[in-house]
Amino acid sequence: MQIKRWLTAGLAAVLAAVSVSSVAAADIFVPVRDSISVQKIDFQRDDFIRGMDISSVISLENAGVTFRNEAGEVQDIFTILAQNGVNYIRVRIWNDPYDSSGNGYGGGNNDLAKAKQIGKRAADNGMQLLVDFHYSDFWADPSKQKAPKVWAGKTLNQKKQLLKAYTLNSLNELRSAGASVGMVQIGNEITSGVASEFNDQNRAALLKEGAAAVRSFDSNVKIAMHFTDPQNTGAIQWQADYLNQYQVDYDVFATSYYPSWHGSLENLTSILNYAADTYGKLTMVAETSYPYTLEDTDGHANTISNGNNNTGDNMLWAFTPQGQADEVRAVMNAVNQVHNGKGLGVFYWEGAWITVGDITGKTGDAYTAQWNANHALWEQYGCGWASSYSAEFDPDDAGKWFGGSAVDNQAFFDAQGKALPSLHVFRDVVNGTMDTPVLSGDANGDGKVNIYDVTEIQKQLAELAHLNDTQLCAADVVRDGNLALNDVTELQRYLAEFQVNSTVNQYI
Ligand code: CA
């Protein structure tokens, strides 16, 4: 009781001393103590996208995969991502990724129905959706831009109408399903063509129809054009010139950036600056990823493994969760360097494409049995990169080399579906981490935790004090990375001995 009276009197004095109206203005993001180390990025844009593509997730869940937070509790993966700072979800859409018998081609069997589920769950967790139309029935990339089956043999004019109608209809359905569509890609890695149209004029004609559909859907939705191979500096800059020459209407110039293949980060920033400076476009990285390990966990070879794509000049980071976080931070930083706030954000590609059954440590018959079980799931649910059924559409590649996940070692979840500490990077880039221990609650830095620290936090919230990073980290006694009145309350409760299960007054 004695303590409480003293506390109340002290608080009254503080509140009398500060201008209450200025309290709790903008969020005050403060450095956090964490198991990984991340240097804060001073973002030019408050809405900088820290996004992730998890297109395969529904097929994985259908195959029995469960995702867990870092405490090991089963939780909706969209909630796990949002709570770790991911603020945007990307999803690919194929028109009809099924063969004539209704068997899925794989790669998540990502049709509009799956995108609706993903969009709804993203929106339920406060995240907008980037819709990535491939305008194909399966993977579209620089080497493949095959039109959907039902568009085969159509004239350009017919294809223009089909593409426009398909785009608008899909967006309307996504909205009706509860998705919050914020951005749309007209094609995926359209460096060489789109929907089986490969000459410059026809490609532009289709891109313009897609863009027109998005504009008519909602003028606030951003239109992105997505290229790749930024290491070919002149060629990708030419794409920006090309879009301008053909008067294609778009907002965001995007590229993939995989460090094993795609050149330096300095070159990446330079290319994005070209589109920003020359044509006033927003820019982003639509896909990136990096391994947290070189081990495979599903029995299907990974794109990056020991002796395979892991030693390039731009593979600068360790193959650990810390190294994975370092790569994400570095790519975000490179995009944030784009002039005049034209760096819109970064999407991580397939950050949850984990194994459907862990082969780690298995040999002989046990390995074979696990591989057969995994293979059966890839075929049944389409949760590998391709199934054997894709042969009908893509006989020369997917139809031959079908199998599981080639990026399970680049996910933010381990082979059991548990979140890795590297996932924190999506939040930690906003806050930065404090890499030496601090005394939680010691906001004024005198080595003690008492009422003077309450005063110090109040003054900081009223912008009458300027605590250093160590003090800010200590002042965030709730430890949510945001200094606010709830930290005052928490500290008061500790001092009044109301709160015993707290890290306050301990080195964290
Ligand atoms: Ca694999």
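Quantities reported herein were computed from a predicted structural model and do not represent experimental measurements. (Residues numbered from 1 in each chain as written. Predicted model: local features only at pLDDT ≥ 70, side-chain atom pairs only at ≥ 80, totals over all residues. Heavy atoms only, no water.)

Chemist: Please give an account of the pattern of salt bridges that cites residues and values.
Modeler: What the rule picks out here adds up to 18 salt bridges. Between Asp-137 and Lys-149 there is a salt bridge, and its shortest N-O distance comes to 3.0 Å. Here Lys-149 lies in the loop between strand S4 (128–133) and helix H5 (156–176) and Asp-137 lies in the loop between S4 and H5, a separation of 12 residues in the sequence. Looking at Asp-137, the relative accessible area reads 1%, which means it is buried. (Salt bridge = Lys/Arg side-chain N within 4 Å of Asp/Glu carboxyl O. Helix = DSSP H or I, 4+ residues; strand = E, 2+ residues; numbered from the N terminus. Buried < 20%, exposed > 50% of the residue type's maximum accessible area, 1.4 Å probe, protein only.)

Chemist: Go over the domain arrangement of the chain, please, and point to the residues and values.
Modeler: Structurally, the chain comprises domain 1 (2–31 + 437–495) and domain 2 (44–428). For domain 1 and domain 2, the distance between their C-alpha centroids amounts to 43 Å. (Domains from an automatic or database assignment.)

Chemist: Describe the coordination of the calcium ion, and please don't skip the residues or the numbers.
Modeler: With distances of 2.2 to 2.4 Å, the protein atoms coordinating the calcium ion are Asp-296 (OD), Asp-298 (OD), His-300 (O), Asn-302 (OD1), Ser-405 (O) and Asp-408 (OD). In this structure, the calcium ion is coordinated by six donor atoms arranged in octahedral fashion, with angles at the metal of 72 to 175 degrees. Sequence positions of the residues that donate to the calcium ion give the spacing D-x1-D-x1-H-x1-N-x102-S-x2-D. Placement of His-300 in the loop between strand S8 (282–288) and helix H9 (321–336) and of Asp-408 in the loop between helix H11 (398–401) and helix H12 (425–431) is noted, with a sequence separation of 108 residues between them. Of the two residues examined, His-300 and Asp-408, each falls in the buried class. (Donors = N, O, S within 2.8 Å, 3.2 Å for Na, K, Ca; no water. Tetrahedral: all angles 85-135°; square planar, octahedral: opposite > 155°, others 65-115°.)

Chemist: Give me unusual backbone geometry: which residues, what numbers.
Modeler: Trans peptide bonds make up most of the peptide bonds, and negative phi angles are found at most residues other than glycine. The backbone of Glu-463 sits at a positive phi, close to 60 degrees, despite the residue not being glycine. On the secondary structure map, Glu-463 appears in the loop between helix H13 (451–461) and helix H14 (469–475). A positive phi is found at Arg-479, a non-glycine position, where the angle reads about 60 degrees. In this structure, Arg-479 sits in the loop between H14 and strand S10 (482–483).

Chemist: Outline helix H15 (residues 485–495), supporting the account with residue identities and numerical values.
Modeler: Here H15 has its buried residues at Asp-487, Val-488, Glu-490, Leu-491, Gln-492 and Leu-495. Phi for Glu-497, located one or two positions after H15, is positive at around 60 degrees.

Chemist: Account for the packing of H5 against helix H6 (residues 200–217), with residues named and values stated.
Modeler: Their axes nearest at 9 Å, the elements H5 and H6 cross at an angle of 30 degrees. One way to sum up the angle between H5 and H6 is to call them roughly parallel. H6 is crossed by H5, and the crossing has right-handed handedness. Touching Leu-156, Lys-159, Lys-160, Leu-163, Lys-164, Thr-167, Leu-168, Leu-171, Asn-172 and Arg-175 of H5 are Asn-202, Ala-205, Leu-206, Glu-209, Gly-210, Ala-212, Ala-213, Val-214, Ser-216 and Phe-217, all from H6. Within the contact of H5 with H6, the residues separate by chemical class into 10 nonpolar, five polar and five charged. (Axes fitted to C-alpha atoms, helices over the stretch in contact; angles between N-to-C directions. Parallel < 35°, antiparallel > 145°, perpendicular 65-115°, else oblique. Left-handed = near helix turned anticlockwise from the far one by under 90°. Contact = heavy atoms within 4.5 Å. Nonpolar A, V, L, I, M, F, W, Y, C, P; charged D, E, K, R; others polar.)

Chemist: Account for the side chain of Ser-59, with residues named and values stated.
Modeler: Mapped onto the secondary structure, Ser-59 falls in helix H2 (residues 57–62). The class for Ser-59 is buried, based on a relative accessible area of 0%. If near-sequence neighbours (up to four positions away) are discounted, Ser-59 is found in contact with Gly-108, Lys-114, Tyr-381, Gly-382 and Cys-383.

Chemist: A description of the packing of aromatic side chains should follow, citing residues and the corresponding values.
Modeler: Using the criterion set out here, one finds 24 aromatic pairs in the structure. Seen in terms of ring centroids, Trp-371 and Trp-378 are 5.9 Å apart; in terms of plane orientation they differ by 85 degrees. Their pairing is edge-to-face. These aromatic residues form a ring-pair network of at least three members: Trp-94, Tyr-105, Phe-138, Trp-139, Trp-349, Trp-353 and Phe-393. Above the ring of Phe-393, the side-chain terminus of Lys-146 is found at 4.3 Å from the ring centroid. The positively charged end of Lys-281 is found above the aromatic ring belonging to Tyr-250, 4.2 Å away from the centroid. (Phe/Tyr/Trp six-rings, centres within 6.5 Å; stacked < 30°, edge-to-face > 60°. Lys NZ or Arg CZ within 6 Å of the ring centre and 35° of its normal.)

Chemist: Residue-level account of the sheet that holds S8, with values.
Modeler: As summarised here, the arrangement of the eight strands in space is S2-S3-S4-S5-S6-S7-S8-S9, forming a closed barrel in which the pairing is parallel. Shown here is a sheet whose adjacent strand axes are inclined to one another by a mean of 25 degrees, direction ignored. Contacting strand S3 (88–93), S4 and strand S5 (181–186), H5 crosses the sheet at an angle of about 155 degrees to S4. Against the sheet, H9 makes contact with strand S2 (49–53), S8 and strand S9 (343–348), and its axis sits at roughly 155 degrees relative to S9, the strand it touches most. (Pairing = 2+ DSSP bridges.)

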